[in-house]
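Okay, here's what each chain looks like letter by letter:
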Amino acid sequence: MKPSISLPIFIYYLLCLGVPIFAKVDFVHQVMPVLKKQCAECHTEGKKKGGLSMNTRNEFLAGGEGGEVAVPGDPSESYFLELVASEDTDDRMPPKGPGLSKEEVETLHQWVAEGMEWPEEIRLGDSGWEPKLKPRMVDLPNPTKERTHAIDRILDQDLIKRNAPLPNPATDETFLRRAYLDTIGLLPTPEELDSFLNNESKTKHKVLVDQLLSRNISYADHWMTFWNDLLRNDYTGTGFITKGRTQITTWLYQALRDNKPYDQMTRELIDAQKDAAGFINGIKWRGTVNASQTRNMQFAQNVSQVFLGINMKCASCHDSFIDRWTLQEAYDLAAVFAEETLELERCDIPTGKMATPRWMFPELGQIDPKASKKDRLKQLAALMTHPENGRFTRTIVNRIWAKLMGRGIVHPVDAMHTKPWNEDLLDYLAIRFAKDGYDLKKFMRFVMTSHAYRSRSDLLSEEPGADYVYNGPLPKRMSAEQLMDSIWQVTASHPKNANAKVDRSRVAKKPTSVEVHKFPWPDKITSKWIWSKDQASKINLRKEINLTEKPVRAGILATCDNAFNLTINGRSVAQSTIWQKPVKMVQRDLFKIGINTIEVEAEMFGGSQGFVAQLVLQNEKGVQVVETGKDWEAQIPGQSWTPAHVEKDYGQGPWHKALQNRDIQDGKTGAEPPVRASLVANDFLMRSLGRPHRDQVVTSRPSSLTTLQAIDLANGEILSNTLREGAKNLSRLENSNNIPVWLYRHALGRTPTEAEKQTLLAVSNNLLNQQGVEDLLWMVFMQPDFQIIR
Amino acid sequence: MTSFESIQRRDFLKQLGLASTTALASPGTRLWGNEQIVHPPARADSCILLWMAGGMAAPDTLDPKAYLPYEDGLEVKNILSTFPAIDTNVDGVKISQGMENIAQVMDRGTLIRSAFQPDLGAILHSRHQYHWHTGYVPPLTVAAPHIGAWMAKVLGPKNDVVPPFINIGQRLEGVGEKEELKAFTTAGFFGSEYGPMNLPYPDQAVQSVQPPKGMEPSRFSNRYKHFQKLLNQNPNRDHLSDFQGESMIRSMEAAHRLLQSDEKHAFDLTREDKDSASKYGDSRFGQGCLLARRLVEKGARFVEVTTEYVPFLNWDTHENGHTTANRMKKEIDQPVAQLIHDLEARGLLDRTLVILASEFSRDMMIEGVPGSSAPDQSRARTDKLTEMKQYGLHRHFTGGSSIMMWGGGVKKGHVYGATADERPLMAVKDPLSIEDLHATIYTIMGINPKTAYEVEKRPFYATKDGIGKCAKGILA
């Protein structure tokens with residue numbers, strides 16, 4: 001069916017409508033308004049519903065999924081005219097609203113008949129902005145006064161242009177709390193607060209940032225949350241039960257602790273370094289899945305989203321309607337990872353077309369489709385981290401900026417094709433980050449030492465939309481993990497055990513003594529991983545040996561999933577809480593002639609359990625080897641001793657050959673810092689507070705507290721138990737009369753007013769007993785001033 | 001915020017008062033595009049989903065076929081139903097023995113006998129339940145909202161004090177496949193304001209709206225009173241206020257309003273008249289039905305009551321199916337019928353849609369549909385019966401299942417669709433897909449099945465890709 005208005009009738013319409021018949025339609029004044037009002041929403045900028053994009057004349061003429069829709073000079077061949085005039089509401093364009101008036105239809109009709117004049121420089125969408133691929137150098141504007149930091153030079157220029165005031169600096173209290181929570185996810189203690197306030201050095205803000213960023217363990221603890229969300233890593237969840245998924249926890253934590261450069265991290269993730277492979281391998285679901293959720297497609301989607309802020313999800317089923325990515329590009333990227341040749345499926349229907357392993361930016365180089373999977377991944381890793389890949393650096397600096405400053409320069413952070421609110425700033429930061437060796441901490445330091453970061457927050461009465469303009473950092477709601485960590489910190493009520501298997505030992509010295517290296521260790525280890533027969537998290541193990549000769553030296557090689565304390569003849573010899581780092585030591589005078597008792601207290605934090613050891617007693621004649629096995633005894637505390645249960649032979653199980661790991665320790669490791677929320681499995685309260693179920697990549701958390709969350713905070717069991725334990729701890733630690741002031745200073749970074757103090761005491765009729773302290777804690781932790789980082 | 005949404009929000013705010021301000025101010029999700037979605041007029045204001053978790057066998061419940069009693073040596077391929085059929089109060093409509101009470105309320109609703117599900121390679125409860133509850137087959141690239149979350153999001157709360165989406169009877173901890181259950185028991189990308197209030201134990205539901213264990217109500221309200229005082233005394237309150245902080249305070253208010261409201265008594269089953277309570281029996285499911293009724297009376301929007309999914313328990317009969325189905329019918333028959341009676345007596349049935357459904361049906365022989373490659377999961381495989389535990393429908397059948405709908409908006413005493421009378425018992429008349437089923441439910445509730453919200457800059461529809469079409473033959 002084609003439009004069938006005859007020319008006489010057409011002219012009749014025009015006469016009736018008062019349109020001058022013989023004057024040519026004016027594109028800008030007559031056609032543009034119609035297109036803007038009726039078409040632009042679905043067919044411009046990133047959007048192209050039905051595959052049709054109308055930003056420019058050429059795009060419009062190129063047509064949509066069903067072929068061409070407009071033919072200059074030929075209204076009867078211009079299908080779109082039929083659609084806009086249709087009476088059938090199923091077909092009509094636009095599908096919603098009252099549709100075009102007859103006058104508007106006729107304007108378009110005439111415009112087509114006259115050849116569709118549309119000047120090249122005019123775009124229907126608001127902007128012609130396309131993200132650039134390559135890095136772009138930015139000339140820095142002149143600084144305003146002493147504000148010479150590059151970030152301030154760029155932002156100040158923009159503020160001045162808008163006649164907006166330069167944001168005032170935040171108070172030291174606010175800055176301190178913000179800097180602590182942003183870097184290490186903990187609150188400053190009252191002592192730390194005092195020392196910062198009393199410090200009169202002009203450089204104290206910079207010094208503080210450096211100090212915080214050098215707290216490697218706390219930094220890793222805090223940023224684990226961000227990276228776990230981004231890399232879809234968790235300790236429990238879909239897929240683990242069927243081994244369709246593996247963690248990257250140990251690798252990730254170590255990378256953060258060591259501040260591994262981001263380009264290196266990325267390369268290790270993409271080319272699936274041991275322990276990091278869980279990321280690209282994704283989740284293998286049971287049963288069949290739709291074509292967009294195979295592991296190959298998950299790879300394409302996650303690699304694009306995480307490293308480039310590109311959404312390949314639409315394009316995994318069909319050419320994207322919202323941006324430029326095509327089905328072919330999604331499959332080609334998936335093919336880099338795939339073992340087999342991939343056939344394109346459009347919305348689950350095979351198309352007969354095959355994918356070629358390649359990526360989306362051949363300008364930087366291309367993947368060799370004939371290479372092995374291993375090599376293809378290596379090539380992709382190199383291309384992704386190519387120095388000329390500006391999208392890679394812009395994506396990560398934008399993510400970090402959003403975390404520190406409350407909103408991305410591109411928002412949302414996963415839609416990097418959106419125009420940034422300050423392109424110069426984004427491009428500058430990206431170049432800077434690369435120049436600084438992709439050093440995440442250095443970049444954070446760079447942002448945090450700007451006046452911008454130190455500014456007072458921009459307090460908005462409504463959530464900003466697309467019209468957002470910068471007027472200072474935005475307040476951030478604490479993540480579930482920050483909230484729990486802060487509460488645990490204030491009340492000293494941390495959980496005992498972490499689920500994440502990570503190395504948090506403060507002392508990471510490697511014993512390299514010659515004695516350990518030269519010791520005659522046997523070539524073979526035939527020890528067993530042992531535990532008690534009945535499962536328990538805490539057990540004792542023991543072994544007695546009868547010696548006729550006193551050994552000259554004894555070598556001890558042992559480890560335990562997760563923790564052990566080994567004593568010999570009542571003397572504590574070695575402890576460890578890191579199964580990946582075996583204790584390896586050589587000692588004298590441990591053993592005596594006669595009966596010797598080796599005792600082990602062993603503890604499992606969750607998951608698998610086992611203790612393994614090899615003791616080598618050296619005497620004049622040679623060595624005697626004692627290994628863990630079923631000839632040891634085990635006991636659940638308070639119960640009777642039974643023969644030890646062999647969990648696995650050495651070399652098997654999740655631990656592989658842990659005793660031969662290169663990374664060893666001397667067994668005198670100091671205690672680990674308290675367990676943090678990012679390292680424990682998701683629980684009811686954290687889930688309720690927005691910690692995601694990490695089946696998918698999640699890059700932003702909800703910014704508002706909801707009613708259901710508020711109910712959980714008001715009466716939930718987890719929090720009320722924490723407060724009860726916390727109140728007990730506080731009563732032990734602090735003189736109860738000091739609690740209100742101490743608590744305000746620790747939790748909120750300020751001293752309560754006299755009136756507030758009265759209220760804090762009045763809740764328990766000035767008793768400050770156990771219940772009073774519980775209520776007081778609740779009243780402080782529930783305040784927006786506590787839960788929002790301003 | 002789009003201009004349309006701002007108008008819609010203003011209207012909502014007027015209707016709903018302050019509590020819902022928080023709900024509507026939740027960020028992150030906006031209607032897709034700027035187009036005005038025209039919603040159909042609502043035929044019901046509340047929805048109760050009675051969830052027969054684990055795969056309720058239609059031939060042994062709502063769609064009885066030829067019955068063969070247990071007999072040693074009986075060839076299983078001859079067995080279609082393991083219970084005889086009984087009459088209902090609708091002429092010509094029979095259901096399975098053991099559902100005598102439900103048989104007497106069949107005239108209040110429509111029996112759908114032609115629902116079917118896709119074959120996902122392996123028939124898995126978690127994935128099919130996800131599909132049924134969200135309209136989408138997992139895995140997905142975004143977290144899909146539960147059907148209850150859609151109602152909460154699009155319709156808002158019916159009474160602004162009562163959470164709009166309440167989920168009764170399913171534990172999410174300490175059961176098998178708990179992660180898979182959590183994956184769809186959620187508002188997904190809508191955010192938790194629209195998520196379920198989970199009440200796994202109906203008799204303990206009141207704890208969710210009470211002060212924490214060990215805290216007297218007076219202490220609880222005293223604590224909140226002082227908290228509010230502190231907020232007002234905060235010297236920074238005026239110049240350090242922002243939308244995050246204000247919404248936090250509003251949510252805290254809304255929570256305490258519920259916790260100190262009369263409506264909270266709806267959660268307390270001990271307040272139900274003894275005679276009336278006893279009619280629901282003492283099973284967890286029966287108690288859940290009673291709780292659902294009390295909540296709907298007070299203005300809950302969507303309530304799900306489940307027989308609870310636990311792998312290999314309840315309706316999930318991989319062996320001993322006949323005996324288990326007998327027990328399950330005993331568990332549901334009386335409370336379901338009583339729920340319908342009670343809603344009717346209170347004048348609520350006309351505006352409440354009650355749905356009884358399951359993720360798929362079961363069959364003695366066929367896993368999936370004929371020709372499916374899905375692995376057989378029966379634990380009692382045999383050609384001829386030698387013991388009772390082999391007698392029952394132990395395979396997961398996706399070709400035809402039954403759903404009962406009562407109340408608001410559906411035809412009364414009506415049967416929609418049919419399955420074949422001989423194996424395979426496929427839906428042969430008016431087959432109803434999940435998409436069309438959801439479109440029907442949404443239409444009844446006054447939600448356009450093409451409603452879409454924006455996630456990651458793309459549309460996400462109430463029915464998959466907006467393709468669901470309302471089965472008009474079900475509507476009154």
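Residues numbered from 1 in each chain as written. Chains lettered and ligands numbered in written order. Predicted model: local features only at pLDDT ≥ 70, side-chain atom pairs only at ≥ 80, totals over all residues.

(A) Looking closely at the overall build of chain A. What chain A contains, in helices and strands, is 30 helices and 16 strands. Oriented by its inertia axes, the alpha-carbon framework of chain A measures out at about 120 × 70 × 50 Å. Counting the 790 residues in chain A, one finds 49% classified as buried. Look at the contacts in chain A between residues 6 or more apart in sequence, and 70% of them connect residues 24 or more apart. (Helix = DSSP H or I, 4+ residues; strand = E, 2+ residues; numbered from the N terminus. Buried ≥ 20, exposed ≤ 12 C-beta atoms within 10 Å, placed from the backbone. Contact = placed C-beta atoms within 7 Å.)

(B) Looking closely at the overall build of chain B. Secondary structure summary: chain B contains 12 helices and 17 strands in total. Taken over the C-alpha trace, chain B has a radius of gyration of 23 Å; the compact-globule value for 476 residues is 23 Å, and the two agree within 12%. Taking the principal axes of the C-alpha coordinates as reference, chain B spans close to 85 × 50 × 40 Å. Per-residue burial for chain B yields a buried fraction of 55% across its 476 residues. (Rg over C-alpha atoms; globule rule 2.2 N^0.38 Å.)

(C) Spotlight on the sheet that holds strand E13 (residues 414-416) of chain B. All names here are of chain B. An order of E7-E6-E8-E2-E9-E12-E5-E13 is seen for the 8 strands of this open sheet, with the pairing classed as mixed. Two strands in the sheet have a free side with no partner beyond their single neighbour: strand E7 (197-199) and E13. Across this sheet, the average inter-strand angle for adjacent strands is 15°, counted without regard to direction. As paired strands, strand E5 (residues 109-115) and strand E12 (residues 401-407) are joined by 5 bridges and run antiparallel to one another. Directly across from Gly 109, in E12, lies its bridge partner Trp 406. Against the sheet, helix H10 (residues 284-297) engages strand E2 (46-51), strand E6 (165-168), strand E8 (302-306) and strand E9 (352-357), with an angle of about 175° to E8. (Pairing = 2+ DSSP bridges. Axes fitted to C-alpha atoms, helices over the stretch in contact; angles between N-to-C directions.)

(D) Fine view of the packing of helix H27 (residues 739-747) of chain A against helix H29 (residues 770-781) of chain A. Residues and elements named next belong to chain A. Close contact between H27 and H29 brings their axes to 11 Å; oriented N to C, the two are set at 30°. It follows that H27 is roughly parallel to H29 by the angle criterion. Regarding H27 and H29, the two cross each other, and that crossing is right-handed. Mapping the contact onto sequence places Ile 739, Pro 740, Leu 743, Tyr 744 and Ala 747 in H27 and Val 773, Leu 776, Val 780 and Phe 781 in H29. For the contact of H27 with H29, the per-class residue count stands at 9 nonpolar, no polar and no charged. (Parallel < 35°, antiparallel > 145°, perpendicular 65-115°, else oblique. Left-handed = near helix turned anticlockwise from the far one by under 90°. Nonpolar A, V, L, I, M, F, W, Y, C, P; charged D, E, K, R; others polar.)

(E) Up close: the sheet that holds strand E5 (residues 538-547) of chain A. All names here are of chain A. In spatial order, the strands read E8-E7-E10-E5-E13-E14; together these 6 strands make up an open sheet with antiparallel pairing. The open sheet has two free edges, formed respectively by strand E8 (571-576) and strand E14 (642-643), since each of these has just one partner strand. Both strand E7 (residues 563-568) and strand E10 (residues 594-603) contribute to a ladder of 6 bridges, which runs antiparallel. Residue pairing in the sheet places Ile 568 in a bridge with Ile 598 of E10.

(F) Molecular detail of the interface of chain B and chain A. If you look at the interface, chain B gives 65 residues, while chain A gives 68 residues. Counting residues per element, the side of chain B that touches chain A draws most heavily on helix H8 (residues 243-259) of chain B, at 13 residues.

(G) Representation of the environment of Trp641(A) in the model. Residue and element names in this part refer to chain A. As for its position among the elements, Trp 641 is in the loop between strand E13 (633-635) and E14. Residues Trp 641 and Asn 540, 101 residues apart in the sequence, show an inter-C-alpha distance of 8.9 Å. The residues touching Trp 641, leaving out its near neighbours within four places in the chain, are Glu 633 and Gln 635.

(H) Examining helix H13 (residues 262-270) of chain A more closely. All names here are of chain A. Across the 9 residues that make up H13, a large majority, 7, are buried. Restricting attention to buried positions, one finds in H13 the residues Tyr 262, Asp 263, Met 265, Thr 266, Glu 268, Leu 269 and Ile 270. Where the residues of H13 are buried, they touch helix H12 (249-257), helix H14 (278-281), helix H15 (295-308), helix H17 (373-384), helix H18 (390-405) and helix H20 (440-448). In the segment just after H13, Ala 272 is the residue with positive phi, at about 55°.

(I) Representation of the pairing of strand E16 (residues 452-455) of chain B in the model. Residues and elements named next belong to chain B. In this structure, E16 lies alongside strand E17 (residues 458-461), joined through 4 bridges in antiparallel fashion. When the sheet's bridge partners are listed, Ala 452 is paired in E17 with Tyr 461. The loop that links E16 with its antiparallel partner E17 comprises 2 residues; one of these, Glu 456, has a positive phi angle of about 50°.

(J) How the structure looks around the environment of Asp221(A). Residue and element names in this part refer to chain A. Position of Asp 221 among the secondary structure elements: in helix H11 (residues 216-231). Remark: the alpha-carbon pair of Asp 221 and Phe 240, spanning 19 residues in sequence, is separated by 23 Å. When sequence neighbours within four positions are dropped, the list of residues in contact with Asp 221 reads Gly 185, Arg 676, Ser 678 and Leu 679.

(K) Looking closely at the nonpolar core. If you look at the biggest cluster of nonpolar residues, it comprises 274 residues, and the most contacted ones within it are Ala334(A), Val780(A), Met151(B), Ala292(B), Val303(B), Met405(B) and Met445(B). If near-sequence neighbours (up to four positions away) are discounted, Val780(A) is found in contact with Leu743(A), Tyr744(A), Ala747(A), Leu748(A) and Phe786(A). Listed in part, the 40 residues of the second largest apolar core include Val583(A), Ile598(A), Trp632(A) and Ala644(A). (Core = buried A, V, L, I, M, F, W, Y, C linked by C-beta atoms within 7 Å.)

(L) Looking closely at the environment of Arg423(B). All names here are of chain B. Note that Arg 423 resides in the loop between strand E14 (418-419) and strand E15 (427-429). Spatially, the C-alpha atoms of Arg 423 and Pro 370 are 9.5 Å apart, while their sequence positions differ by 53 residues. Here Arg 423 is in contact with Leu 80 and Met 365, once residues within four sequence places are set aside.

(M) Representation of unusual backbone geometry in the model. Following His411(A), the chain continues to Pro412(A) via a peptide bond in cis, the omega torsion being -5°. Examined against the element boundaries, Pro412(A) turns out to sit in the loop between H18 and helix H19 (423-435). Cis geometry is adopted by the peptide bond preceding Pro424(B), which originates at Arg423(B) and carries an omega value of 0°. Among the secondary structure elements, Pro424(B) is positioned in the loop between E14 and E15. A positive phi angle, near 55°, is found at Arg232(A), a position not held by glycine. Turning to its location among the elements, Arg232(A) is positioned in the loop between H11 and H12. Phi angles above zero are rare outside glycine, and Asn314(B) is one such case at about 55°. With respect to the helices and strands, the residue Asn314(B) is situated in the loop between E8 and helix H11 (321-345). Of the residues examined, Asn314(B) has 21 C-beta atoms within 10 Å and is grouped as buried.

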